Amino acid sequence: MRFLRFFFVSILTIIGVGALAAGLAFWYLSSDLPDAETLAKYEPPVTTRVHAYDGTLIAEFAKERRLFVPIDDIPPLVKNAFIAAEDKNFYLHPGFDPSGIARALLTNLQSSGDKRPEGASTITQQVARNFFFSQDVSYIRKIKEILLSMRIEATFSKDKILELYLNQIFLGQNSYGVAAAALNYFDKSLDELSIAEVAYLAALPKAPSNYHPVTQKTRAIERRNYVIDQMVEVGYVSKADGEKAKAEDLVVTFRPLGTRYEDAQYFAEEARRVITNRYGEDKLFSGGLSVRTTLDSKFQSIALNAFRIGLQRYDRASGWHGPVATIELGAGWEQRLNDIPSARDVTNWRIAVIQDAGGTWTVGFTDGTTGEVPASGRKLNGSGKAKAGDVIYVEKADGGYSLRQIPEVNGGLVILDPHSSRVLALVGGFSYYASVFNRATQAMRQPGSSFKPFVYATALDNGYTPSSLVLDGPISLPMGNGRRWNPKNSDGRYLGLATLRQGLEKSRNLMTVRLAYDIGMKLVVDRVKRAGAYDKIDPVLANALGAAETTVIKLAGGYATFLNGGRVVPATIIDRIQDRYGKTIFRHDDRSCEGCYAPNGWENQEEPLLPDIGREEFDPRTGFQVATILQGVVQRGTAKNAFKKLKDYPIGGKTGTTNESRDVWFVGFTADLIVAAYVGYDDHHPLRRGSFGGTVVAPIAADIFEAVLPETGALPLRTPPGVVMMRVNAVSGRPTSADDPGAIMEPFKLGTDPDSKEANTAGADEADYPAEEAPPPPPESVSTGTGGLY
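Notes on the structure follow. Being a predicted model, the structure only gives us computed values, none of them experimental. (Residues numbered from 1 in each chain as written. Predicted model: local features only at pLDDT ≥ 70, side-chain atom pairs only at ≥ 80, totals over all residues. Heavy atoms only, no water.)

What about the packing of aromatic side chains?
In total, this model carries 21 aromatic pairs according to the counting rule given. Ring geometry for F61 against F285: centres 6.2 Å apart, planes inclined by 90°, an arrangement best described as edge-to-face. Highlighted residues: F61 in strand β2 (residues 57-61) and F285 in helix α12 (residues 281-286), separated in sequence by 224 residues. The pair F61 / F285 is uniform in exposure class, with both members buried. Between W349 and F430, the aromatic rings sit 5.5 Å apart at their centres with planes inclined by 45°, giving tilted as the arrangement. Of this pair, W349 sits in strand β6 (residues 349-356) while F430 sits in the loop between β12 (423-427) and α15 (452-460); the two residues are 81 residues apart in sequence, bridging distant segments of the chain. Aromatic ring contacts, followed pair by pair, group F451, F454, Y534, Y559 and F562 into a single cluster. Its guanidinium or amino end placed over the ring of Y314, R688 lies 3.9 Å from that ring's centre, counting from NZ or CZ. (Phe/Tyr/Trp six-rings, centres within 6.5 Å; stacked < 30°, edge-to-face > 60°. Helix = DSSP H or I, 4+ residues; strand = E, 2+ residues; numbered from the N terminus. Buried < 20%, exposed > 50% of the residue type's maximum accessible area, 1.4 Å probe, protein only. Lys NZ or Arg CZ within 6 Å of the ring centre and 35° of its normal.)

Okay, structure coming up:
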């Protein structure tokens, strides 16, 4: 009896001690567990996506490629596939699966010590591990994982746990979550996936690198088919559908990260820079922003194509520059060729290596195929010096391929909506992969005579009219150091007294200098800075001829004030930014529309008026006069030859050429579109003799207008109140009849037409120049001879 009592006491003691030990162990292991409720505040890193305004995906930016999808938006097929593959009892267990753990323990005891132990982790345990624990293998970590899983189950619903899992799980190819994986492997959204494709994604959590669809294709298909069998066993798909899915091949379409629209490389990089400056890199790469830009994908492709053709047109006369590189032929040449950095954004070109430089070249491509470049495809002077092993660019042509090369000359271009200053297209150079420098937004260049409209606009604001007479004759001005500045017209000739219109249409340097001298450069500088065309510019006469540097995008914004009623609207490439939850956090057009929302519908209330965007800085009548005069540049002036095919469209513009043609420009426009561009060498050395804005850049703009205007049309310029149109002779500026072949309709501000006021005349030769505005010696790029600004 005493023995039995001792026995029972011992048993109870052992149980008590065991329970106490277990309790202490439970307390110890759970005391430092993370708080499961932090998952409720979890914001996973999500991909930022940048779209054109027409919805075209331009670029994606991410550290972890993830698109967060709420559980209700994840198709049942996707959820069921992962449950079948990873945790069949997901909706039944309390966070861990006792039967699964027992099977794993038995398997681990029977297996050799060099095999990785099985864990039998449920989906909830995987959530606990992925969010809170490392991937080390230990029984202590496993116990903590189970304990935390129980807390997670007590805190969240099963659907919330599944949502966390399906959006967090790593599935290879830098894909985090099922939505990103669907895009990155198959270029599909979740609801477009087939049974076989869903099953493949569900096969990946175990070890993505072991089931790579290309390098481990056989194993990948085996694992995918295993998942399909599990889906059939549980009843998620029928046996017939399962067998059909297992018979499918595994075909993937890998989706690159970064810029998705090759023609918009420079635009995408500018968007990245703007977003980073506004919100920081972490927000860009992890914030899941949805960015709607101003880009018109059709305009962008047209602009880039026209710009490249224009640069090649100029470059072709310079002859062949030589090979891109030279490689050794023989075994492995394909890989060596593939390793050469190339302008892969010029998608109609291919990089190739010359294998035989005979009468008809034989060239090889990175995929091992070959092609031929006949003599007719090698029209670049000097290409006869090529030899086997030289790496070149070629383009498909009739009869084989034609030799191509990246032009040494470069430039920048923007297309702008003048009313909203939305950048519809942006070209920062010939090829982003050849040079990432964005010449449209970063290159500081002299605009030459493209600056002159601001001088004439200032004159029109200060008493001049389009018919005012200005002397086009020699002028000599003191430079403040005992020397004198003697500017010249580019053609070395003089018109004598000529109208202000003629001075701008014919781009007369001497008339422009006289105007700037008469009104004062301080007024001109004030105007261009308020218009946003310059941030900094000195009030010296040399700058009246475009000697001060600015960027293409800024000059285009300055021209917008001539077309939009004198309003200043900062240029933008972004319309709207939304955060990961769809809340708008930035909008370029921030105008409010009082009365636009009518909860009770239309009740004959007064129509709401939306205020104009931007601030009004200038007289809209002046802008209309300048824009009308600039139409004469295209009809009769320095851009006439480039726009012969477009004579029926109301297009205006201004050419610009600096001394020695170091920079050549053209800014063209219709009432609703501005195309601004320059061409020049990055090291500022001169273009070849005879290169002008009207011959090099204006044809590029003309090609763009020719491509877009037949579809968009072009409205006449909008005449502001307070303007009277009078028929005058284009040369004399005096009123004339409709029978006059030189008659044009000229805009005058009310009370300033030739019949009501005597024309101003500027021409004080050799006058004393105000000491505080005495111009310094003209910079090297401002001519003192016949090669001057044009």
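Observations regarding the side chain of S421
Within the secondary structure, S421 sits in the loop between β11 (410-416) and β12. S421 sits in the buried class, given a relative accessible area of 1%. In terms of polar contacts, S421 uses its side chain to reach the backbone carbonyl oxygen of V569, at 2.6 Å. (Polar contact = N/O pair within 3.5 Å; in protein donor to acceptor, adjacent residues only side chain to side chain.)

Section: the pattern of salt bridges
The final tally for this structure, using the stated rule, is 39 salt bridges. The closest approach of N and O atoms between D491 and R493, which form a salt bridge, is 3.6 Å. Classification of R493 as exposed rests on a relative accessible area of 57%. A salt bridge links R501 to E746; the shortest N-O distance between them is 2.6 Å. (Salt bridge = Lys/Arg side-chain N within 4 Å of Asp/Glu carboxyl O.)

Looking at the environment of W665
Mapping W665 onto the fold places it in strand β22 (residues 664-670). Residue classification places W665 among the buried positions, given a relative accessible area of 0%. Taking the C-alpha atoms as reference points, W665 and T695, 30 residues apart in sequence, are found 9.8 Å from one another. Of the polar contacts made by the side chain of W665, one reaches the backbone oxygen of Q446; its length is 2.8 Å.

A word on the nonpolar core
Counting 135 residues, the largest nonpolar core has I58, L413, I415, F643, I674, V679 and I704 as the members making the most contacts within it. Here this core takes ten residues from helix α21 (residues 693-712), the largest share from any one element. Core analysis: the next-biggest nonpolar cluster, separate from the first, contains 54 residues, A84, L164, A199 and I228 among them. (Core = buried A, V, L, I, M, F, W, Y, C linked by side-chain atoms within 4.5 Å.)

Brief notes about the sheet that holds β22
Read from one edge of the open sheet, five strands run β12-β11-β23-β22-β21, paired in antiparallel fashion. Strands at the two margins of the open sheet, each flanked by one partner only, are β12 and β21 (652-657). The mean inter-strand angle of the sheet, taken between neighbouring strand axes irrespective of direction, is 5°. Two elements, β11 and strand β23 (residues 673-680), share seven bridges in a ladder whose sense is antiparallel. Bridging from a neighbouring strand, I415 pairs with V675 of β23. The strands touched by α21 are β11, β21, β22 and β23; relative to β22, the strand with the most contacts, the crossing angle is about 30°. (Pairing = 2+ DSSP bridges. Axes fitted to C-alpha atoms, helices over the stretch in contact; angles between N-to-C directions. Contact = heavy atoms within 4.5 Å.)

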